[in-house]
Amino acid sequence: AQSVTQPDIHITVSEGASLELRCNYSYGATPYLFWYVQSPGQGLQLLLKYFSGDTLVQGIKGFEAEFKRSQSSFNLRKPSVHWSDAAEYFCAIRGASKIIFGSGTRLSIRP
Amino acid sequence: DGGITQSPKYLFRKEGQNVTLSCEQNLNHDAMYWYRQDPGQGLRLIYYSQIVNDFQKGDIAEGYSVSREKKESFPLTVTSAQKNPTAFYLCASTTTGASDTEAFFGQGTRLTVV
(Lines give C-alpha, C1' and ligand atoms only; values in the text may rest on other atoms or scores of the structure.)
Protein backbone atom coordinates (compact mmCIF):
# COMPACT_ATOMS: atom_id res chain seq x y z
CA ALA A 1 0.00 0.00 0.00
CA GLN A 2 1.13 3.53 -0.68
CA SER A 3 1.87 5.68 2.34
CA VAL A 4 3.82 8.72 3.44
CA THR A 5 5.22 9.21 6.93
CA GLN A 6 6.40 12.47 8.41
CA PRO A 7 7.73 11.47 11.84
CA ASP A 8 8.08 14.98 13.23
CA ILE A 9 4.82 16.66 14.17
CA HIS A 10 6.37 19.94 15.28
CA ILE A 11 9.88 21.34 14.92
CA THR A 12 11.28 24.60 16.29
CA VAL A 13 14.51 26.05 14.94
CA SER A 14 16.26 29.34 15.46
CA GLU A 15 16.27 31.91 12.71
CA GLY A 16 19.37 31.46 10.61
CA ALA A 17 19.82 27.81 11.60
CA SER A 18 19.66 24.93 9.16
CA LEU A 19 16.55 22.82 8.74
CA GLU A 20 15.79 19.24 7.78
CA LEU A 21 12.26 17.85 7.65
CA ARG A 22 11.94 14.11 7.30
CA CYS A 23 9.73 12.16 4.93
CA ASN A 24 9.56 8.42 4.36
CA TYR A 25 7.38 6.73 1.80
CA SER A 26 6.11 3.31 0.85
CA TYR A 27 5.44 2.65 -2.81
CA GLY A 28 5.95 -0.33 -5.08
CA ALA A 29 7.27 1.49 -8.12
CA THR A 30 9.25 4.61 -8.97
CA PRO A 31 7.70 7.32 -6.83
CA TYR A 32 6.76 10.81 -7.82
CA LEU A 33 7.42 12.90 -4.72
CA PHE A 34 6.45 16.40 -3.68
CA TRP A 35 6.88 18.86 -0.85
CA TYR A 36 4.19 21.46 -0.24
CA VAL A 37 3.98 24.35 2.22
CA GLN A 38 0.83 25.71 3.82
CA SER A 39 0.36 28.99 5.65
CA PRO A 40 -2.50 29.14 8.18
CA GLY A 41 -5.92 29.16 6.53
CA GLN A 42 -4.48 28.89 3.05
CA GLY A 43 -4.14 26.30 0.33
CA LEU A 44 -0.98 24.36 -0.41
CA GLN A 45 1.91 25.73 -2.45
CA LEU A 46 4.37 23.46 -4.22
CA LEU A 47 7.95 23.80 -2.99
CA LEU A 48 9.59 21.18 -5.18
CA LYS A 49 9.08 17.84 -6.88
CA TYR A 50 11.05 14.75 -7.85
CA PHE A 51 10.25 12.55 -10.81
CA SER A 52 13.57 11.16 -12.02
CA GLY A 53 17.18 12.08 -12.70
CA ASP A 54 19.29 14.01 -10.24
CA THR A 55 18.36 12.92 -6.73
CA LEU A 56 18.97 16.39 -5.29
CA VAL A 57 16.24 18.75 -6.39
CA GLN A 58 16.03 22.47 -5.90
CA GLY A 59 12.83 24.29 -5.14
CA ILE A 60 11.51 27.72 -4.40
CA LYS A 61 12.38 29.84 -1.38
CA GLY A 62 15.83 28.26 -1.07
CA PHE A 63 14.58 24.75 -0.25
CA GLU A 64 16.05 21.53 -1.57
CA ALA A 65 15.27 17.86 -1.10
CA GLU A 66 17.21 14.67 -1.62
CA PHE A 67 15.67 11.43 -2.84
CA LYS A 68 17.28 8.33 -1.34
CA ARG A 69 15.80 5.17 -2.78
CA SER A 70 17.70 2.87 -0.42
CA GLN A 71 16.16 4.64 2.57
CA SER A 72 12.75 5.35 0.98
CA SER A 73 13.23 8.95 2.02
CA PHE A 74 12.75 12.40 0.56
CA ASN A 75 13.93 14.84 3.20
CA LEU A 76 13.52 18.59 2.83
CA ARG A 77 16.38 20.91 3.73
CA LYS A 78 17.19 24.59 3.95
CA PRO A 79 20.62 25.95 4.94
CA SER A 80 19.31 29.01 6.80
CA VAL A 81 15.69 29.52 7.81
CA HIS A 82 13.88 32.83 7.92
CA TRP A 83 10.99 33.80 10.17
CA SER A 84 8.73 33.72 7.11
CA ASP A 85 9.37 29.97 6.75
CA ALA A 86 7.12 29.28 9.73
CA ALA A 87 4.30 27.16 8.26
CA GLU A 88 3.12 23.58 7.87
CA TYR A 89 5.00 21.35 5.46
CA PHE A 90 3.58 18.32 3.71
CA CYS A 91 5.32 15.54 1.86
CA ALA A 92 3.26 13.76 -0.80
CA ILE A 93 3.51 10.88 -3.22
CA ARG A 94 1.57 10.47 -6.43
CA GLY A 95 0.29 7.03 -7.30
CA ALA A 96 -1.55 5.83 -10.37
CA SER A 97 -4.76 7.65 -9.59
CA LYS A 98 -4.39 9.72 -6.44
CA ILE A 99 -2.03 11.78 -4.36
CA ILE A 100 -1.32 10.75 -0.78
CA PHE A 101 -0.09 13.19 1.83
CA GLY A 102 1.82 12.79 5.04
CA SER A 103 0.38 14.16 8.26
CA GLY A 104 2.51 17.28 8.05
CA THR A 105 5.25 18.93 10.09
CA ARG A 106 4.61 22.28 11.71
CA LEU A 107 7.68 24.50 11.66
CA SER A 108 8.13 27.26 14.23
CA ILE A 109 10.98 29.77 14.10
CA ARG A 110 12.67 30.99 17.27
CA PRO A 111 13.80 34.63 16.99
CA ASP B 1 -4.61 33.42 -14.82
CA GLY B 2 -5.32 29.73 -14.48
CA GLY B 3 -6.17 28.34 -11.11
CA ILE B 4 -8.65 26.72 -8.76
CA THR B 5 -11.37 28.70 -7.05
CA GLN B 6 -13.12 27.47 -3.95
CA SER B 7 -16.16 29.20 -2.53
CA PRO B 8 -17.18 30.28 -0.06
CA LYS B 9 -14.07 30.83 2.06
CA TYR B 10 -16.10 30.45 5.27
CA LEU B 11 -19.31 28.48 5.65
CA PHE B 12 -21.56 27.92 8.63
CA ARG B 13 -24.02 25.08 8.82
CA LYS B 14 -26.72 24.21 11.25
CA GLU B 15 -26.90 20.65 12.43
CA GLY B 16 -29.06 18.54 10.14
CA GLN B 17 -28.48 20.67 7.06
CA ASN B 18 -26.74 19.75 3.85
CA VAL B 19 -24.24 22.25 2.45
CA THR B 20 -22.40 22.35 -0.86
CA LEU B 21 -18.85 23.56 -1.33
CA SER B 22 -17.90 24.84 -4.75
CA CYS B 23 -14.68 24.06 -6.63
CA GLU B 24 -13.99 25.39 -10.12
CA GLN B 25 -10.78 25.11 -12.16
CA ASN B 26 -9.70 26.62 -15.47
CA LEU B 27 -6.49 24.64 -15.80
CA ASN B 28 -8.02 22.12 -18.19
CA HIS B 29 -7.17 19.37 -15.72
CA ASP B 30 -8.96 16.05 -15.98
CA ALA B 31 -8.59 14.97 -12.35
CA MET B 32 -10.03 16.71 -9.34
CA TYR B 33 -9.87 15.88 -5.63
CA TRP B 34 -11.44 16.82 -2.32
CA TYR B 35 -9.45 16.65 0.88
CA ARG B 36 -10.42 17.26 4.47
CA GLN B 37 -7.89 18.76 6.85
CA ASP B 38 -8.07 18.53 10.62
CA PRO B 39 -5.32 19.68 13.00
CA GLY B 40 -2.58 17.08 13.29
CA GLN B 41 -4.14 14.72 10.74
CA GLY B 42 -2.82 16.04 7.47
CA LEU B 43 -4.95 15.84 4.35
CA ARG B 44 -7.41 12.99 4.06
CA LEU B 45 -8.93 12.14 0.69
CA ILE B 46 -12.73 12.33 0.51
CA TYR B 47 -13.51 11.81 -3.18
CA TYR B 48 -11.68 12.06 -6.47
CA SER B 49 -12.62 12.13 -10.12
CA GLN B 50 -10.44 11.42 -13.11
CA ILE B 51 -13.00 12.11 -15.80
CA VAL B 52 -16.36 13.76 -16.24
CA ASN B 53 -19.32 11.75 -14.93
CA ASP B 54 -17.08 9.42 -12.96
CA PHE B 55 -15.74 9.61 -9.42
CA GLN B 56 -14.38 7.32 -6.71
CA LYS B 57 -14.53 7.26 -2.94
CA GLY B 58 -11.45 8.18 -1.03
CA ASP B 59 -10.56 7.19 2.50
CA ILE B 60 -13.30 9.13 4.32
CA ALA B 61 -16.26 9.36 1.90
CA GLU B 62 -19.01 8.58 4.40
CA GLY B 63 -21.35 11.54 4.85
CA TYR B 64 -20.18 13.27 1.67
CA SER B 65 -21.33 13.27 -1.94
CA VAL B 66 -19.94 14.74 -5.17
CA SER B 67 -20.82 15.23 -8.80
CA ARG B 68 -18.72 15.80 -11.89
CA GLU B 69 -21.03 17.02 -14.65
CA LYS B 70 -18.46 19.38 -16.12
CA LYS B 71 -14.71 19.12 -16.44
CA GLU B 72 -14.26 22.45 -14.69
CA SER B 73 -16.43 21.80 -11.67
CA PHE B 74 -16.38 19.30 -8.78
CA PRO B 75 -18.78 20.36 -6.02
CA LEU B 76 -18.77 18.61 -2.65
CA THR B 77 -21.93 18.21 -0.58
CA VAL B 78 -21.56 17.67 3.13
CA THR B 79 -24.69 15.84 4.18
CA SER B 80 -26.40 15.63 7.53
CA ALA B 81 -25.01 12.09 7.79
CA GLN B 82 -21.52 13.51 8.36
CA LYS B 83 -21.26 13.50 12.14
CA ASN B 84 -18.34 15.85 12.55
CA PRO B 85 -18.17 18.13 9.52
CA THR B 86 -16.32 21.06 11.08
CA ALA B 87 -13.01 21.14 9.20
CA PHE B 88 -10.98 22.85 6.50
CA TYR B 89 -11.76 21.52 3.01
CA LEU B 90 -9.32 21.68 0.13
CA CYS B 91 -9.95 21.05 -3.54
CA ALA B 92 -7.15 20.12 -5.92
CA SER B 93 -6.67 19.23 -9.57
CA THR B 94 -4.05 17.51 -11.69
CA THR B 95 -3.51 16.29 -15.20
CA THR B 96 -3.93 12.57 -15.88
CA GLY B 97 -2.13 10.09 -18.07
CA ALA B 98 1.28 10.96 -16.69
CA SER B 99 2.11 11.02 -13.01
CA ASP B 100 4.90 13.54 -13.35
CA THR B 101 2.77 16.56 -12.51
CA GLU B 102 1.85 18.12 -9.23
CA ALA B 103 -1.53 18.93 -7.77
CA PHE B 104 -2.76 22.50 -7.74
CA PHE B 105 -4.84 23.60 -4.78
CA GLY B 106 -7.59 26.07 -4.09
CA GLN B 107 -7.49 28.34 -1.04
CA GLY B 108 -9.86 26.18 0.95
CA THR B 109 -13.26 26.45 2.61
CA ARG B 110 -13.59 26.43 6.37
CA LEU B 111 -16.84 24.79 7.40
CA THR B 112 -18.20 25.26 10.90
CA VAL B 113 -21.28 23.61 12.36
CA VAL B 114 -23.21 25.95 14.64
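Attention here is on the structure that accompanies the text. Since the structure is predicted, the reported quantities are computational estimates derived from the model, not experimental observations.

Reading the values: the criteria
- Position numbers for residues start from 1 in each chain and track the written sequence from start to end.
- The lettering of chains begins at A and the numbering of ligands begins at 1, in the order of writing.
- Given that the model is predicted, a residue must reach a pLDDT of at least 70 before its local features are reported, and side-chain atom pairs must reach 80 or more before they are shown or counted; all residues, however, enter totals for whole chains, interfaces and linings.
- The basis for the side-chain values is all heavy atoms of the structure; hydrogens and waters are excluded.
- Labels follow the DSSP assignment, with helices taken as runs of H or I lasting at least four residues and strands as runs of E lasting at least two, numbered in each case from the N terminus.
- The globule rule is 2.2 Å times the number of residues to the power 0.38, and the radius of gyration it is compared with is taken over C-alpha atoms.
- Only protein chains enter the accessibility calculation, which uses a 1.4 Å probe; a residue is then buried when its area is under 20% of its type maximum, exposed when over 50%, and partly exposed in between.
- In what follows, residue pairs with any heavy atoms lying within 4.5 Å of each other are defined as contacts.
- For the accessible areas, the method is Shrake-Rupley and the probe is 1.4 Å, while residue cover comes only from the protein chains on display.
- The charge count treats Lys and Arg as positive and Asp and Glu as negative. His and the chain ends do not count.
- Where a charge sits is defined by one atom per residue type, namely NZ (Lys), CZ (Arg), CG (Asp) or CD (Glu).
- Here, nonpolar core refers to any group of buried Ala, Val, Leu, Ile, Met, Phe, Trp, Tyr and Cys residues whose side-chain atoms link them within 4.5 Å.
- Note on terminology: pairs of cysteine sulfur atoms within 2.5 Å are recorded as disulfides.

**A few points about the overall build of chain A**
When helices and strands are tallied, chain A shows 0 helices and 12 strands. For chain A, the sequential pattern of α-helices and β-strands runs β-β-β-β-β-β-β-β-β-β-β-β. Relative to the compact-globule value of 13 Å for 111 residues, chain A shows a C-alpha radius of gyration of 13 Å, a close match. Seen along its three principal axes, the alpha-carbon backbone of chain A occupies a region of about 40 × 30 × 20 Å. For chain A, the proportion of its 111 residues judged to be buried stands at 46%. For chain A, long-range pairs separated by at least 24 residues make up 52% of all intrachain contacts whose partners lie at least 6 apart in sequence. Accessible area for chain A stands at about 5,100 Å²; split by element, carbon and sulfur atoms hold 49% of it. Charge-centre separation for chain A: the mean point of 11 positive side chains lies 7 Å from the mean point of 8 negative side chains.

**Quick word on the environment of A:Phe74**
Relative to the helices and strands, A:Phe74 is located in strand E9 (residues 73-78). In contact with A:Phe74, other than residues within four places in its own chain, are A:Cys23, A:Leu33, A:Phe34, A:Trp35, A:Leu48, A:Tyr50, A:Val57, A:Ala65, A:Glu66, A:Phe67 and A:Cys91.

**Some thoughts on the nonpolar core**
All names here are of chain A. With 26 residues, the main nonpolar core has Leu19, Trp35, Leu47, Leu48, Phe74, Leu76 and Tyr89 as its most contacted residues. Only strand E2 (10-14), strand E3 (19-21), strand E5 (32-38), strand E6 (44-50), strand E8 (64-68), E9, strand E10 (87-94) and strand E12 (105-110) provide two or more residues apiece to this core. Sequence-distant contacts of leucine 19, defined by excluding residues within four places in its chain, comprise Ile11, Val13, Phe63, Leu76, Arg77, Lys78, Val81 and Leu107.

**Considering the state of the cysteines**
Here is the idea: a disulfide is a covalent bond, and it sits between the sulfur atoms of two cysteines. Residues and elements named next belong to chain A. This structure, assessed with the given rule, holds 2 disulfides over all chains. Disulfide pairing is shown between cysteine 23 and cysteine 91; the S-S distance is 2.0 Å. Here cysteine 23 and cysteine 91 share a disulfide; its torsion about the S-S bond, -65°, makes the bridge left-handed. One end of the pair, cysteine 23, is in the loop between E3 and strand E4 (24-26); the other, cysteine 91, is in strand E10, and 68 residues separate them in sequence.

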